[in-house]
Amino acid sequence: MTGLLDGLVDDAGLFPPTALSMPDAVARHRADSLAASPVLTHRFLCPASRISELRAQLEIGDRIRVGLIADKGLSGLATALSDIAADPVLDLALIEFPLAAANVPVAEVIAQLPDRVPVFVEPVAYSDIAALTPELARLGVGLKLRCGGIRPELFPSAPALADALVAAAGGGVPVKATAGLHHAVRYTDERTGFTHHGFLNLVLAAAAAAGGTDADAIEATLLSDDSLRLVRAATTLDAVAVAATRGLLTSYGSCSTTIPVAEAQAFGLIDPERIS
C-alpha cells in the first residue's frame, strides 16, 4: 500500500487497440471520474485533430483535463489550443509532441507551445534519446517513451528501454510512457505473438533508474515475469524511493482504465478502501 501507483494511468481510450468512439470514450471517462480511482490521473488523452469532436460530446457539469496529442505536428495545433482555452469545460493538462510529426528542431517546437503547461516530446527513434535528453533538460520538458503498438517494431527492447530510463534519470528529465503496457507484468500476447512490457516492470525499472542503478540491472527488471518478486519489490520501496520513482515516471497512457486498477488491487498495491 505504498501509493506507488497513485495517479499513474492516463485515459487513452481513443487509441488502439481499444479505439473507442468519441461518445463511448467520453462516457467512460465520466464514469471513471465519478469512481475516482487513485490509480487514474483522470486526464483524457485526445489528438489535436479531434478536439472539435470532443467538444461536441461535452455536457453541462463536465470538467475534462485534456492531454493534447499533437498528432499533426504544429499543423492545426494553435487552433486546438485556442479551442481548449475558449471552452470552460476543458483544461489543458499537458501536451505530447511526436518529433516525427515535425521537421524543425525541438527548441523551435517548444518555442511555439504555451508556457507553464507540461510538455513531453516523443523522439523519432530510441537511438535519438541519448543525444536528445540534454536538450530536453535545458528546455525543461519531458520525454515520451513508446512501449508498444500495433506493429512489432513499436515495442522497444528491454536494453533500449533501460538505457532510455538511465538517460532520463541522469538528465533530470521526467518521463511518460504510452502504448503496449496492457498488464502489470511482462507477458506475451497469444493472439499477436507480441511480448509486452508490464507497467509494474516499468515502474520498478524507473525506481531503479532514479536510484542510480545501472542499465543491466534495470534491463533484468524489465524482463522479469515473476509477479511475486515484482510485487515484493514494489511494496518494500520507502517514501523517498516512491517520490523519486514518480518524479521520473510521471504516468503512462492506457487504452483500458479498468485493467490497471483491477490488477493493482489484485496484487495488493492499492488499499481497497481507496479504490473509489
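Conventions we followed
- Residues numbered from 1 in each chain as written.
- Predicted model: local features only at pLDDT ≥ 70, side-chain atom pairs only at ≥ 80, totals over all residues.
- Heavy atoms only, no water.
- Buried < 20%, exposed > 50% of the residue type's maximum accessible area, 1.4 Å probe, protein only.
- Helix = DSSP H or I, 4+ residues; strand = E, 2+ residues; numbered from the N terminus.
- Pairing = 2+ DSSP bridges.
- Right-handed = clockwise from strand over helix to strand, strands pointing away.
- Salt bridge = Lys/Arg side-chain N within 4 Å of Asp/Glu carboxyl O.
- Axes fitted to C-alpha atoms, helices over the stretch in contact; angles between N-to-C directions.
- Contact = heavy atoms within 4.5 Å.

## Notes on the pairing of strand E7 (residues 175–178)
Judged by which residues are buried, E7 turns out to be covered on both faces: Val175 and Ala177 on one side and Lys176 and Thr178 on the other are all buried. When strand E6 (residues 142–146) meets E7, the two strands line up parallel, connected through 4 bridges. Its bridge partner lying in E7, Arg146 is registered against Thr178. Chirality of the crossover, the property in question, places the unit of E6, helix H6 (residues 158–171) and E7 among those that are right-handed. Here E7 pairs with strand E10 (residues 249–254) via 4 bridges, running parallel. Along E10, the bridge assignment pairs Thr178 with Gly253.

## Some words on the pattern of salt bridges
Counted by the stated rule, this structure contains 16 salt bridges. Between Asp83 and Arg55 there is a salt bridge; the shortest N-O distance is 3.6 Å. Within this pair, whereas Asp83 is found in helix H3 (residues 77–86), its partner Arg55 is found in helix H2 (residues 51–55), the two being separated by 28 residues in sequence. A salt bridge links Glu135 to Arg138; its shortest N-O distance comes to 2.9 Å. Note that Glu135 and Arg138 are positioned in helix H5 (residues 129–139) at a spacing of 3 residues, about one turn of the helix. By relative accessible area, which is 24% here, Glu135 ends up partly exposed. Exposure remark for Arg138: the relative accessible area of 58% places this residue in the exposed category. Taken together, the shared-partner salt bridges connect Asp10, Arg43, Glu96, Glu122, Lys144, Arg146 and Lys176 into one network.

## Observations concerning the sheet that holds strand E4 (residues 90–98)
The parallel closed barrel is built from 8 strands, whose spatial order is E1-E2-E3-E4-E5-E6-E7-E10. Here the average twist between neighbouring strands, direction ignored, is 30°. Note: E4 against strand E5 (residues 119–122), 4 bridges, orientation parallel. Within E5, the position partnered with Phe97 by the bridge is Val121. In this fold H3 packs onto strand E3 (64–69) and E4, with an angle of close to 160° to the strand it touches most, E4.

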